[in-house]
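Residue-level listing of the chains:
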Amino acid sequence: MNESLKIPRKLSPTKYALLTGTILLTSAGLITRVLGFFYRIFLSRTIGAEGLGVFNLIHPVFGICFALCAGSIQTAISQSVAANARKGRSIFRTGLVISVGISMVLAYGIIQFKDIIANNILMEPRCAPLLIFVAVSVPCAAIHACINGYYYGMQRPQVPAFAQIMEQSVRIGAVFLIADIMIKSGMQITVQLAVLGHLIGEVASSLYTITAYRFFPPKMASDAAPIHSGFRDTAPELMGFALPLMGNRLILNVLASAEAILIPSRLQMSGLSDSAALSVYGVLTGMALPFILFPSTVFNSLAVLLLPTVAEAQSEGNERRIGSAISMSLRYCLYVGILCIGIFTMFGDDLGVSVFKDNTAGSYMTILAWLCPFLYLVTTMGSILNGLGRTSVTFVQNVISMVVRLLFVLFGIPRFGILAYLVGTLLSEILLASMHVLTLKKKVDFVWNALDMIVKPSVLMILAIGIYYAAISFTDPFDGLPLFLKTLLHIIALCIFYLGLLLGAHVMKKDGTET
C-alpha cells in the first residue's frame, strides 16, 4: 500500500501535471459526452432526423466565427503563456481584447446578413432565424475560449474542465425545462429549441469562466514575480502566432463548411428528396458520428495539454521529452482505436436500434468504426506538430485531407450515395494520420514499433472477440435484458477481455526483458 502511494512521486512535475491534467480533462469530457448522448437521444426523438440535419447545417457558421475570433487566439494564448508564464496575465488580457473585438464584428455581420447566409450559402431558408442565436453565442464563446487558453498555458486545467461540464449541464437542463413547458402548453417543439440550448450553454460557460478568473486566477508554480506588459508590446508577438493559425483554421473551416452544406444537396442529386437528404445528414452527423467520436474524449484532452507541454520542451531543447510524448500518444491511440473498431463493428447495429431507434445509424457506425485509430492519431499528432511550431505543415496536410473528402462529396455522393462520403472520410483520415506521423518522424527521434503498436493489439483484439463468442456460446447471462443494457454489458465484457490480454502481454514482455 505504501509503495503504491509513492508511485506518483517518481514522476517529474511536468509529467505529473500532464497525467493529472489529462485525467481531469478526460473525466470532464467523459461526463460531458455522456450528458451529450442523452441530449442527442432527446433531440432525435423530439425534432427528428430532419431537424437534426437543419440544426447541424448552422454549425459551420459558428465554426468559421470561432476559428476567426476564438480558437486560434486560444491556442496562441496557451502556447505563449506556457513559454513565458511571467507575462501570462498580460498575454491573456491582450488576447481577450482582440478576440472579443473580432467576435462583436462577426456577430453583427451574421445578424445583418442572416437571410443571405441562409438562402444563398446554407441553401436552407429555415436557418435564417436560427442564425440570430448563433450570432449572440459567438462573443460568449470568445470569452471562455481565451480564459481556458490562459489556464491551459499555466497548466491549470481545472477551470476549463469544469466549464465543459457546466456548459453541457446548463444547456441540457434548460432545454429539458423549456421542452417540458412547451409540451404542457401544447406547443410544437422545433429545431429552434436546440439552437436556444446552444446559446444558453455558451452563456453559462462564459459566466462561469469569468467568475473563476475573477476569484481563482491561475498562479505560477514558481515564486518569480510576474512581468506586466502593455497591449502594444504583447499584441504583435501574440498575433504573430495567432494570425497564421487563424488563416489556417479559417480555410479548413470553409472547406468543412462547404462539405457540410454540399452533402444534403448532393444527396438530392443521388435521388433523395429534400426531406430525406436532410434526414440522412441528420442521422450521420447527429447520431452515428457522436458515438464514433465518444472515445476521442481521452485524446482531445491529451492533445490540449500536449501543445503547451511540447512547446515548453522545445523551448528547453528537450527533444527526448518530445519523443517520449509522441511514442506514448502513438501507442495509446492505436490501442484504443483498435478496441473501438472491434466494439463498433460488432455492436454498431444494436447501438443504433437501441439508442436512436434507427437501423441506418447502426450501419453508419459499423462503417465509420475503421476511422477510430486514425481520428485519434490525427488529434494528438496534429497537436504535437502545432506545439513544435509546424502549424503551416499541419495546415497543408489538413487541406489535402479535406480536399480528398470534398472530392468524394462532389463526385461520389451523386453516384453512390452516402456510402461515397463514408469511404472518402476513411481514406482522408488514413492519409492525414500517415502524413502527420511521417512529418514528426523526420523532425523528432521517437520509438515506432509497428509489431508492438499495431500487430500485437490487433491480434489481441481478435483473441478477445474469440473469447467473447466462446463465452456467450454456452450461455448469455444478459439475455432477457433491454437491448441497450444488454449491448452495454456485452461491450464491457469485450473490453475486459481485450484489456486483460493487453495487460498480460505487457507483463510477459516486462518479465522477458528483466530475464
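Residues numbered from 1 in each chain as written. Predicted model: local features only at pLDDT ≥ 70, side-chain atom pairs only at ≥ 80, totals over all residues. Heavy atoms only, no water.

**Considerations on the overall build of the protein**
Here is the rule we go by: Runs of E in the DSSP output that reach at least two residues are strands. Runs of H or I that reach at least four are helices, and both are numbered from the N terminus. Contacts are assigned to residue pairs with any non-hydrogen atoms lying within 4.5 Å of each other.
When you go through the protein residue by residue, the secondary structure sums to 19 helices and zero strands. Considering only intrachain contacts with a sequence separation of at least 6, the fraction spanning at least 24 residues in the protein is 83%.

**As for the nonpolar core**
Heads up, the condition is: In this description, a nonpolar core means a group of buried Ala, Val, Leu, Ile, Met, Phe, Trp, Tyr and Cys residues linked to one another through side-chain atoms lying within 4.5 Å. When a residue's accessible area, from a 1.4 Å probe over protein chains only, is under 20% of the maximum for its type it is buried; when over 50% it is exposed; and in between it is partly exposed.
Of all hydrophobic cores here, the largest spans 121 residues; its most connected members are Ile 58, Ile 326, Tyr 364, Leu 494 and Tyr 498. Broken down by element, this core gets its largest block of residues, 16 residues, from helix H13 (residues 319-356). Those residues in contact with Tyr 498 that sit more than four places away from it in its chain are Tyr 335, Ile 338, Leu 339, Pro 457, Leu 460, Met 461 and Ala 464. One finds Ile 147, Tyr 150, Tyr 151 and Leu 245 within the second-largest nonpolar core, a separate group that totals 22 residues.

**Let's talk about the side chain of Asn 56**
Following the sequence through the fold, Asn 56 ends up in helix H3 (residues 48-57). Setting aside chain neighbours within four positions, we find Asn 56 in contact with Arg 40, Tyr 281, Thr 285 and Gly 286.

**Let's talk about the packing of aromatic side chains**
Going by this rule: Ring pairs are drawn from Phe, Tyr and Trp, using the six-membered ring of Trp, whenever the two centres fall within 6.5 Å, and their geometry is named by plane angle: stacked under 30 degrees, edge-to-face over 60, tilted for the rest.
Under the criterion given, the structure shown has nine aromatic pairs. With a centroid separation of 4.9 Å and 10 degrees between ring planes, the pair formed by Phe 92 and Tyr 150 is classed as stacked. Taken as a pair, Phe 92 in helix H5 (residues 88-112) and Tyr 150 in helix H7 (residues 128-153) lie far apart in primary sequence, 58 residues in all. For the residue pair Phe 92 and Tyr 150, the accessibility class agrees, reading buried in each case.

**Some words on unusual backbone geometry**
Although it is not a glycine, Met 123 adopts a positive phi angle of roughly 60 degrees. The topology assignment puts Met 123 in the loop between helix H6 (114-121) and H7.

**Let's talk about the pattern of salt bridges**
Selection rule: What counts as a salt bridge is simple: a side-chain nitrogen of Lys or Arg found within 4 Å of a carboxyl oxygen of Asp or Glu.
Evaluated as defined, the whole model comprises nine salt bridges. With a closest N to O distance of 2.8 Å, Arg 171 and Glu 167 form a salt bridge. Here the residue Arg 171 and the residue Glu 167 both occupy positions in helix H8 (residues 158-184), the gap between them amounting to four residues, near one helical turn. One salt bridge in this structure joins Asp 452 and Arg 331, with 2.5 Å as the shortest N-O distance. Here Asp 452 is found in helix H18 (residues 450-474), whereas its partner Arg 331 is found in helix H13, with 121 residues between them in sequence. Overall, Arg 331 belongs to the partly exposed group, its relative accessible area being 22%. Each of Glu 50, Glu 124 and Arg 126 takes part in salt bridges that share partners, so that together they form one network.

**Some thoughts on the packing of H5 against H7**
The criterion, for reference: Axis geometry follows a simple rule: fit a line to the C-alpha atoms, using only the stretch in contact for helices, then measure angles between N-to-C directions, giving values from 0 to 180 degrees. These descriptions rest on fixed angle ranges, namely under 35 degrees for roughly parallel, over 145 for roughly antiparallel, 65 to 115 for roughly perpendicular, and the rest for oblique. Amino acid classes used here: Ala, Val, Leu, Ile, Met, Phe, Trp, Tyr, Cys and Pro are nonpolar; Asp, Glu, Lys and Arg are charged; the rest, including Gly, are polar.
At their nearest, the axes of H5 and H7 sit 9 Å apart, and the two run at 170 degrees to each other. Of the possible angle classes, the one that applies to H5 and H7 is roughly antiparallel. Seen from H5, the contacting residues are Gly 88, Arg 89, Phe 92, Gly 95, Leu 96, Ser 99, Val 100, Ser 103, Met 104, Ala 107, Ile 110 and Ile 111; seen from H7, they are Leu 131, Ala 135, Val 138, Pro 139, Ala 142, Ile 143, Cys 146, Ile 147 and Tyr 150. Among the residues forming the contact of H5 with H7, the class breakdown is 16 nonpolar, four polar and one charged.

**Focus on a nonpolar patch on the surface**
Spelled out, the test is: Patches in this entry comprise residues that are over 30% relatively accessible and not in a salt bridge; like charges within 9 Å are linked, as are nonpolar side chains (Val, Leu, Ile, Met, Phe, Trp, Tyr) within 5 Å. To measure how exposed things are, a 1.4 Å probe is used in the Shrake-Rupley method; for residues, cover is taken only from the protein chains shown.
A grouping of Trp 448, Leu 451, Ile 454, Val 455, Val 459 and Leu 463 is seen on the molecular surface, where their side chains present a nonpolar patch of about 530 Å² in accessible area. With respect to the secondary-structure elements, Ile 454 resides in helix H18. Judged by relative accessible area, which is 34%, Ile 454 ranks as partly exposed.

**Some words on the packing of helix H4 (residues 59-83) against H7**
Remark: H4 packs on H7, axes separated minimally by 8 Å, with the N-to-C direction vectors making an angle of 10 degrees. With respect to each other, H4 and H7 are oriented roughly parallel. Among the residues making up the contact of H4 with H7, the classes are represented as 19 nonpolar, six polar and no charged.

**Examining the environment of Asp 233**
Within the secondary structure, Asp 233 is located in helix H10 (residues 231-269). Measuring from C-alpha to C-alpha, the distance between Asp 233 and Ser 90 comes to 9.3 Å, with 143 residues separating the pair along the chain.

**Some points on the environment of Cys 69**
Checked against the element boundaries, Cys 69 lands in helix H4. With a relative accessible area of 0%, Cys 69 lands in the buried category. Residues Cys 69 and Gly 101, 32 residues apart in the sequence, show an inter-C-alpha distance of 8.2 Å.

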